[in-house]
Amino acid sequence: MPVSRRTLIAASAALSAAPMARPRAQAAGPLRIGVLTDLSGTYSDTSGPTSVACARQAVQDFAGSRGLQAQVIEADHQNKPDVGAAIARQWFDQGVDMITDVPNSAVALAVKAIAVEKNKAYLNTGAASTALTGAGCTPTTIHWGYNTTMLARSAAATVQAGGKSWYFIVADYVFGRDLTQQATGFIQAAGGKVLGSAAYPFPTTTDFSAFLLDAQASGADVVAFGNAGGDTVNCIKQAHEFGLTRGGKRLAAMLAFIQVIKSVGLETAQGLLLTESFYWDLNSRTRAFMERIRPKLGGNYVSSEQAGTYAATLHYLKAAADLGMAAAKANGAEVVARMKAMPTDDDCYGTLRIRADGQALHPAYLFQVKTPAESTSPWDLYKLLSTTSGEDAAPPIESCKLTG
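Analysis parameters
- Residues numbered from 1 in each chain as written.
- Predicted model: local features only at pLDDT ≥ 70, side-chain atom pairs only at ≥ 80, totals over all residues.
- Heavy atoms only, no water.
- Pairing = 2+ DSSP bridges.
- Helix = DSSP H or I, 4+ residues; strand = E, 2+ residues; numbered from the N terminus.
- Axes fitted to C-alpha atoms, helices over the stretch in contact; angles between N-to-C directions.
- Contact = heavy atoms within 4.5 Å.
- 1 Å grid on protein atoms, 1.4 Å probe; cavity = no way out; pocket = protein on both sides within 12 Å on 5 of 7 lines; lining within 4 Å.
- Points joined across faces, edges and corners; volume = space filled by probe spheres on them.
- Nonpolar A, V, L, I, M, F, W, Y, C, P; charged D, E, K, R; others polar.
- Disulfide = S-S within 2.5 Å.
- Buried < 20%, exposed > 50% of the residue type's maximum accessible area, 1.4 Å probe, protein only.

**Student:** Can you walk me through the sheet that holds strand 6 (residues 165–171) in this structure?
**Tutor:** One key point about sheets: their strands pair by backbone hydrogen bonds, in either a parallel or an antiparallel sense. Taken in spatial order, the seven strands line up as 7-6-8-9-10-13-14 in an open sheet, and their pairing is mixed. Whereas interior strands pair on both sides, the edge strands pair on one side only; in this sheet they are strand 7 (193–200) and strand 14 (382–388). Across the sheet, the mean angle separating the axes of adjacent strands is 25° when strand polarity is ignored. Helix 8 (residues 229–241) rests against strand 7, strand 8 (222–226) and strand 9 (250–253) of the sheet, and its axis sits at about 155° to strand 8.

**Student:** Is there a simple way to think about the layout of surface pockets in this case?
**Tutor:** A probe matching the size of a water molecule, rolled over the atoms, marks out where space remains unfilled. Taken as a whole, the largest pocket encloses approximately 570 Å³ of empty space. Around the largest pocket, the lining is made up of 33 residues, and of these Tyr43, Asn104, Tyr173, Ala228 and Leu255 lie nearest the centre. Examining the composition of the lining of the largest pocket, we find that four residues originate from one element, helix 6 (residues 174–189), more than from any other. Split by residue class, the lining of the largest pocket holds 17 nonpolar, 13 polar and three charged. Taken as a whole, the second largest pocket spans an internal volume of roughly 180 Å³. Around the second largest pocket sit 15 residues that line it, and Thr42, Phe202, Pro203, Ala228 and Asp231 are the ones nearest its centre. Ranked by residue count, the leading element in the lining of the second largest pocket is helix 8, at four residues. When the residues that make up the lining of the second largest pocket are grouped by side-chain class, the tally is seven nonpolar, seven polar and one charged.

**Student:** What exactly am I supposed to notice about the state of the cysteines here?
**Tutor:** Here, disulfide denotes a covalent bond that connects the sulfur atoms of two cysteines. Counted according to the given criterion, the structure contains one disulfide. Put simply, Cys137 and Cys400 are joined by a disulfide, and their sulfur atoms are 2.2 Å apart. With the S-S bond torsion at 95°, the cross-link from Cys137 to Cys400 turns out right-handed. Of this pair, Cys137 sits in the loop between strand 4 (121–124) and strand 5 (141–143) while Cys400 is found in the segment after helix 15 (390–393), placing the two residues 263 residues apart along the sequence. Classification of Cys400 by relative accessible area gives buried; the value is 3%. Of all cysteine sulfurs, the one in Cys54 lies closest to Cys348, which takes part in no disulfide; the gap is 6.7 Å.

As structure tokens, then:
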């Protein structure tokens, strides 16, 4: 990928806060983990500083107890694939052993290519594209946390609860289109039907009134939003203003994290359906993790993306310790292979396995946002409706060349 002078300047600025050792000292140094994230943009609350804190928590929870040396650094990819690729290349050339997080599928796919070229581990926890595994799988990539297939399949569980007819409002780019296509297939397979959809210009749309009125007129039981971040917030707020949920109609956010719901507020978001692979109040282990890390988050809580960064980093450290420091630093594909061979176990996701194509098989949870009366604390936001197993939530594996 050609890299412009402006890109190199941006990448260098992003790296300025993370001084690196000289190449000749790499072999003797600690494992270096790079959290490549959105520190200042649309996804900074759902990834960003809290993802960095989660990676550091993983190091604290495991590396210190095993005498393993590990260092976490961070950089902002600015949601630009060329900036993300330039940072990844510079990091790997300067001794970073693993990159994680990376919200934004376009950036994630660019980083994936650099990681396989450099034979370095790349643990994606921030992007939803199933192209990270499947036909696009590599021996150095693992996909953890969530993906478009998981989101689509879990949302379709609403059909069993009476949401028989659907209308989609989606961002007109690959994420929105792919999510709608996959969800339509699962909804139809469950006996439901899609009455219509509207794709809006992205990222220039802020007024969704025309799309919401069309959805209301369709008579659909469920109005689903195939977008993320600020667009999801605007859709939920404007749907509430138009009274879309009157008469039993439901709203479904195909990709929404706990920070979005907290921002919107229960009075507006109550009854909304959404899918996450982690929730802090799911069980005793998730609550213990949240209690352990909460003082380090500045008032934020942990989303499934950020929990994935913790879990993936922790499992990487376990695999590196099992393989040996020198071997782990020398060969990213070997570390990833060892991660696949070992069952995972952490407070966020419990015990699961990683498929040959790099897909972590974790359950998907369909939640409904609580009413203000049901909530007992500021971040007590969800109630669980149904669970899709990790095997059923995962995208197909057949197309991956690593599976033989």
